[in-house]
Amino acid sequence: MSKVAVITGGAQGIGKGIAERLGNDGFNIVINDMNIDLAQETVEEFKKNNIDAIAVEGNVAKQEDQFDLVKKAVDKFGSVDVFINNAGIDQVEAVEDITPDNLDKIFNVNVYGTVYGTQAAAKQMKEQENGGKIINACSIAGKTAFELLGAYSATKFAVHGLTQVSAKELAQFNIKVNAYCPGIVGTSMWDRIDKGMVEYKGLKEGEAWQEQVNGIPLERSQTPEDVANLVSYLASSDADYMTGQAINIDGGIEVH
């Protein structure tokens, strides 16, 4: 029987790239997104490529939606073998300008969403004979702070810590927890970051993006497929002895 992977924020960008790769790896796919129409379009696209998938609407910042997501995945496919806390949002603001509303918004999605997804996945995986894998979206901004991304970096530092704690607590149940840390990915999120940095720094559109790309040793921005390649490994049996890790996939920006 095929294994089952759940991807939050899986209708576009990095999430879609991960979902497609895991589908091609042989997983049944559950795409969770607030934009159910886009999620359904992605599912139909996958089905044309012989990937068995369903779409589930939900808000990761609501605990009940995360548990409902896992229930629907199990009702359809029988298990949840891999759960990917991919959904996330960005903010570009100087620390002095961060408002309470914006702080609540980004922590609700990036941090609370990761906690709730982990809770829902772990509950199901404890009931399964072979446990499972939880894979979190961290970032190189979860290891090194970036100017004007203070709130975003704070959430990703939190995800980094949650990954380590969850790995230690859930290891006894054969549940592995790891994270992927992308760098500069050419998606709509970085379009928004570029726009925000333009406003703060007085640059022209695209200049902030190009500044970041110019700092990549491999001399190109990364694609969702680059990230998906790492997640494919983390989701596979080849990574069965790995847990508690947050792995950079950034073209060499952060070399330790």
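Source: prediction; values computed, not measured.

Examining the overall build of the protein
Helix and strand counts for the protein come out as eight helices and seven strands. The C-alpha radius of gyration computed for the protein amounts to 18 Å, which stays within 12% of the reference 18 Å derived for 256 residues, consistent with globular compactness. Expressed along its principal axes, the backbone C-alpha trace of the protein runs to roughly 55 × 40 × 35 Å. Split into buried and exposed, the 256 residues of the protein put 52% on the buried side. Pairs at least 24 apart in sequence give 70% of the contacts found in the protein among residues at least 6 apart. In the form shown here, the protein has an accessible surface area of approximately 12,100 Å², with 48% of it arising from carbon and sulfur atoms. Each charge class in the protein was averaged separately, 22 positive and 37 negative side chains, and the resulting centres sit 5 Å apart.

With respect to helix H5 (residues 150-170)
For H5, built from 21 residues, the straight-helix expectation of 30 Å at 1.5 Å per residue is met to within 8% by its first-to-last C-alpha distance of 30 Å. Within H5 the residues assigned to the buried category are Ala151, Tyr152, Ser153, Thr155, Lys156, Val159, His160, Thr163, Ser166, Ala167 and Leu170.

A closer look at the side chain of aspartate 226
Structurally, the position occupied by aspartate 226 is in helix H8 (residues 224-235). A distance of 2.8 Å separates the side chain of aspartate 226 from the side chain of arginine 220, its partner in a polar contact. Dropping the residues within four chain positions of it, aspartate 226 is found in contact with Arg220 and Ile249.

Some words on the pattern of salt bridges
On inspection of all chains with the given rule, the structure shows seven salt bridges. Glutamate 45 is the partner of lysine 16 in a salt bridge, and the nearest nitrogen-oxygen pair spans 2.9 Å. Highlighted residues: lysine 16 in helix H1 (residues 13-24) and glutamate 45 in helix H2 (residues 36-48), separated in sequence by 29 residues. Judged by its relative accessible area of 22%, lysine 16 falls in the partly exposed class.

Quick notes on the UniProt feature "active site" (unreviewed entry) in the protein
Sequence positions flagged by UniProt for "active site" (unreviewed entry) are, in local numbering, Tyr152. Counting through the fold element by element, tyrosine 152 comes out in helix H5.

Brief notes about the pairing of strand E7 (residues 246-249)
Because side chains alternate across E7, one face comprises the buried residues Ala246 and Asn248, and the other comprises Ile247 and Ile249, none of which is buried. Pairing analysis gives four bridges linking strand E6 (residues 175-182) to E7, with the strands arranged parallel. Along E7, the bridge assignment pairs tyrosine 180 with isoleucine 247.

Thoughts on the layout of surface pockets
Gaps left between atoms show up when a probe the size of a water molecule is rolled over them. By volume, the second largest pocket is sized at about 290 Å³. In terms of lining residues, the second largest pocket is bounded by 17 residues, among which Lys3, Asp81, Asn130, Gly131 and Gly132 are the most central. Of the residues contributing to the lining of the second largest pocket, the split by class is three nonpolar, eight polar and six charged.

Conventions and cut-offs
Residues numbered from 1 in each chain as written. Predicted model: local features only at pLDDT ≥ 70, side-chain atom pairs only at ≥ 80, totals over all residues. Heavy atoms only, no water. Helix = DSSP H or I, 4+ residues; strand = E, 2+ residues; numbered from the N terminus. Rg over C-alpha atoms; globule rule 2.2 N^0.38 Å. Buried < 20%, exposed > 50% of the residue type's maximum accessible area, 1.4 Å probe, protein only. Contact = heavy atoms within 4.5 Å. Areas by Shrake-Rupley, 256 points an atom, 1.4 Å probe, with all protein chains shown as cover. Lys, Arg positive; Asp, Glu negative; His and termini not counted. Charge placed at Lys NZ, Arg CZ, Asp CG, Glu CD. Expected span 1.5 Å × (residues − 1). Polar contact = N/O pair within 3.5 Å; in protein donor to acceptor, adjacent residues only side chain to side chain. Salt bridge = Lys/Arg side-chain N within 4 Å of Asp/Glu carboxyl O. UniProt positions renumbered as here; feature names shortened; annotations may be inferred. Pairing = 2+ DSSP bridges. 1 Å grid on protein atoms, 1.4 Å probe; cavity = no way out; pocket = protein on both sides within 12 Å on 5 of 7 lines; lining within 4 Å. Points joined across faces, edges and corners; volume = space filled by probe spheres on them. Nonpolar A, V, L, I, M, F, W, Y, C, P; charged D, E, K, R; others polar.

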